[in-house]
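Examining the three-dimensional arrangement
Residues per chain, in single letters:
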Amino acid sequence: MKVILQDIIEKVAEQAGVTKKLSEGFLQEFFDIIIDETLNKSGSVKIKGLGTFKLLSVEERKSVNVQTGEEIIIPQHEKISFVPEKDLKAAINKPYSHLETYILSKEGHVDVQESEDEDNEEANIDEGNVATEDNITVENNITVEENVQIEEREVEKIIITENSTKTNKDMEERENKNRKWIIIVILLIILGLVAWWWFSDSKQSEDEGTKKELQISPEHEIDEEVPVSDVIIDETQENRSAQKSEGEVKSGDEGEETAGSSTPIPNRSPEFQGEYMFDKKFDFKLIDFMQANYPNMKLITYGTPQKVTLEKDKRLTLLARDYYGDKRFWVYIYLYNTDIIKHPNRIPAGMVIKIPKLDKSLVDPNSKDCLDAAWDVQKYLLKM
Amino acid sequence: LNTKELISELKKRLNHDKDKVDVLLDSTVKIIEQELLNNNSVGIQGFGVFDVRKKEERISVNPITKQRMLVPPKLTLSFKPSTTLKERIKKVNA
């Protein structure tokens, strides 16, 4: 919405307890002074709580006429600049203030290699790594897992910093040899982390999901049959967690793994009896399309969906990144929530979104096919 | 020109006492800030438009270390001078 001077005049009059005429005169003088001071005395105007206005000179530079391709010279000129005050800046950015810059893996080709390895079902070198890590996560409790992760991150950081500080040419020969090894090590660590993260996250979220369900919402919105099985699920869950504390987890978890299908679905366990077709949410054309082009992808969900309250300025893409590892998978969250979301770009804050647990064959952030599929679904949705 | 000088200048031009100018300036700044925080753009005729813009997240590369960084999206305050103000700037120069 746009606010004009007239609105400001009225509000100032109201807040300062003066007549409109007076506040109008004040505001006019206020902006006049800013203009006069910045222009004529070539100074800057600093207003507390707002920022600084300043006249800057822009040097002459060459440019190209976009239409004719002709080279032109933009002469030296002045422009007015406004730099907001720090506090105001922070206040405006508050919705995003929790986000931080983070460092991506150094090598550009890491992603590609990773996805290739994933396709091979992590068969080759990394087998040992992943296997041992899974054992650790299964046998120990969460705190140990976290330690493992933190240690690995530290190792990663050290490697990266080492890598970047070695710039001497003398070192180059050695470095080249080292680099290969470092790349391999980084790859292994990342793969391990991805596997671990995926494994544990889905487990945790599922725990939280079922608990929330029971505590908060007596009314269930998913399926008629699910609530019944849900109660049972939660009981088994409690039993299981009790078992865990006694240290008898191992047998149970191994049982799951052998019982699971050939594709590794980490959280496929006896609890997931409430499995039903996700494609209820798709329309027929889309199902046909998916089956024709991506026959390997299973359009099913497991268990009860996790409920998330949408914060202000949080979008489906961000949720998709948090829960599935890539923002392109937002389409599935949308499709799952079409009953409440009218338009994916206009979701009121505070809406409770259900995040379905999807099969890994559908939402694997490392698989190009999955990303392509999500992209195709998005294109389809946009056409609608 | 800082806030103190601005207040005395306003006082001189308007013939008000200092307290009144203080209150007016304070509420003006607060109201503009409030409007901006409510995601409204504030347009002042003859002066310009204050606007909150969203900058999308992006990947930036440190040219020396080749390190890739994911810079998060952010909301920034931008000020666009109006055409009349731009004209005046040109005139001052000429």
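Rules used in this analysis
Sequence positions are assigned chain by chain, starting from 1 and proceeding in written order. Here the convention is simple: chains get letters from A, ligands get numbers from 1, in the order in which they are written. Selection of residues for local features in this predicted model requires a pLDDT of at least 70, selection of side-chain atom pairs for listing and counting requires 80 or more, and totals for whole chains, interfaces and linings are taken over all residues. Neither water nor hydrogens contribute to the side-chain values; these are computed over all heavy atoms in the structure. Secondary structure elements are taken from DSSP: a helix is a run of H or I of four residues or more, a strand is a run of E of two residues or more, and numbering for both begins at the N terminus. Helix span is expected to be 1.5 Å times the residue number reduced by one. Only protein chains enter the calculation, and the probe is 1.4 Å; a residue is then buried if its accessible area is under 20% of its type maximum, exposed if over 50%, and partly exposed in between. A fitted line through C-alpha atoms represents every axis, and for helices the fit uses only the stretch in contact; the resulting angles, taken between N-to-C directions, go from 0 to 180 degrees. Any angle from 65 to 115 degrees is called roughly perpendicular, while one under 35 is roughly parallel, one over 145 is roughly antiparallel, and all others are oblique. We call two residues in contact when some of their heavy atoms are within 4.5 Å. Amino acids are sorted into nonpolar (Ala, Val, Leu, Ile, Met, Phe, Trp, Tyr, Cys and Pro), charged (Asp, Glu, Lys and Arg) and polar (every other residue, Gly among them). Each reported salt bridge corresponds to a side-chain nitrogen of Lys or Arg within 4 Å of a carboxyl oxygen of Asp or Glu. Buried Ala, Val, Leu, Ile, Met, Phe, Trp, Tyr and Cys residues form a nonpolar core when they are joined through side-chain atoms within 4.5 Å. Take the accessible area each of two parts loses on contact, using a 1.4 Å probe, and add the two losses: that sum is the buried area. Nitrogen and oxygen atoms within 3.5 Å of one another constitute a polar contact, given that in protein one can donate a hydrogen and the other can accept it, and given that sequence-neighbouring residues count only through two side-chain atoms. One bridge is not enough; two strands pair if DSSP finds at least two bridges between them.

**Details of helix H2 (residues 18-37) of chain B**
Residue and element names in this part refer to chain B.
- Compared with an ideal rise of 1.5 Å per residue, which puts 20 residues at 28 Å, H2 spans 28 Å between its outermost C-alpha atoms and is within 8% of the ideal.
- When H2 is considered as a whole, its buried residues turn out to be Val21, Leu24, Leu25, Ser27, Thr28, Val29, Ile31, Ile32, Glu35 and Leu36.
- Where H2 ends, the next residue or the one after it, Asn39, has phi of about 65°, a positive value.

**Some remarks on the packing of helix H2 (residues 20-39) of chain A against H2 of chain B**
- Direction vectors running N to C along H2 of chain A and H2 of chain B enclose 75°, while the axes themselves pass 11 Å from each other. Judged by the inter-axis angle, H2 of chain A sits roughly perpendicular to H2 of chain B. Each of Leu22, Ser23, Phe26, Leu27, Phe30 and Phe31 of chain A in H2 of chain A lies in contact with H2 of chain B, whose residues at this interface are Lys20, Val21, Leu24, Leu25, Thr28 and Ile32 of chain B.
- Considering only residue class, the contact of H2 of chain A with H2 of chain B consists of 9 nonpolar, 2 polar and 1 charged.

**A closer look at the pattern of salt bridges**
- Inspection of the entire model under this criterion finds 14 salt bridges over all chains.
- When the shortest N-O distance is used, the salt bridge between Arg321 of chain A and Glu57 of chain B registers 3.2 Å. Taken together, the residues span two chains, with Arg321 of chain A in helix H11 (residues 316-324) and Glu57 of chain B in the loop between strand S2 (48-55) and strand S3 (58-61).
- Given a relative accessible area of 22%, Glu57 of chain B falls into the partly exposed group.

**Quick word on the nonpolar core**
- In this structure, Phe26, Leu27, Phe30, Phe31 and Ile47 of chain A together with Phe47 and Phe50 of chain B are the most contacted members of the largest nonpolar core, which totals 47 residues.
- A per-element tally of this core places H2 of chain A first, with 9 residues.
- Beyond its immediate stretch of four places on either side in the chain, Phe30 of chain A contacts Ile47 of chain A together with Leu6, Leu10, Leu25 and Thr28 of chain B.
- Formed by 33 residues, the second largest nonpolar core is a distinct cluster that contains Tyr294, Tyr324, Tyr332 and Ile353 of chain A.

**Focus: the interface of chain B and chain A**
- The partner chain A presents 61 residues to the 59 residues of chain B that form the contact.
- Each partner contributes to the roughly 5700 Å² buried at the junction of chain B and chain A, and carbon and sulfur atoms together form 70% of this total.
- Note that Glu35 of chain B is salt-bridged to Lys11 of chain A, the shortest N-O span being 2.3 Å.
- For the interface between chain B and chain A, the tally reads 12 residue pairs in polar contact (both at pLDDT 80 or more).
- Those elements that provide at least two residues to the side of chain B that touches chain A are helix H1 (3-14), H2, strand S1 (41-44), S2, strand S4 (68-71), strand S5 (74-81) and helix H3 (83-93) of chain B.
- The class makeup of the residues in the side of chain B that touches chain A is 32 nonpolar, 14 polar and 13 charged.
- Where strand S1 (residues 2-4) of chain A meets S1 of chain B, 3 bridges bridge the pair, whose relative direction is parallel. The residue bridging Ile4 of chain A from the neighbouring strand is Gly43 of chain B, located in S1 of chain B.

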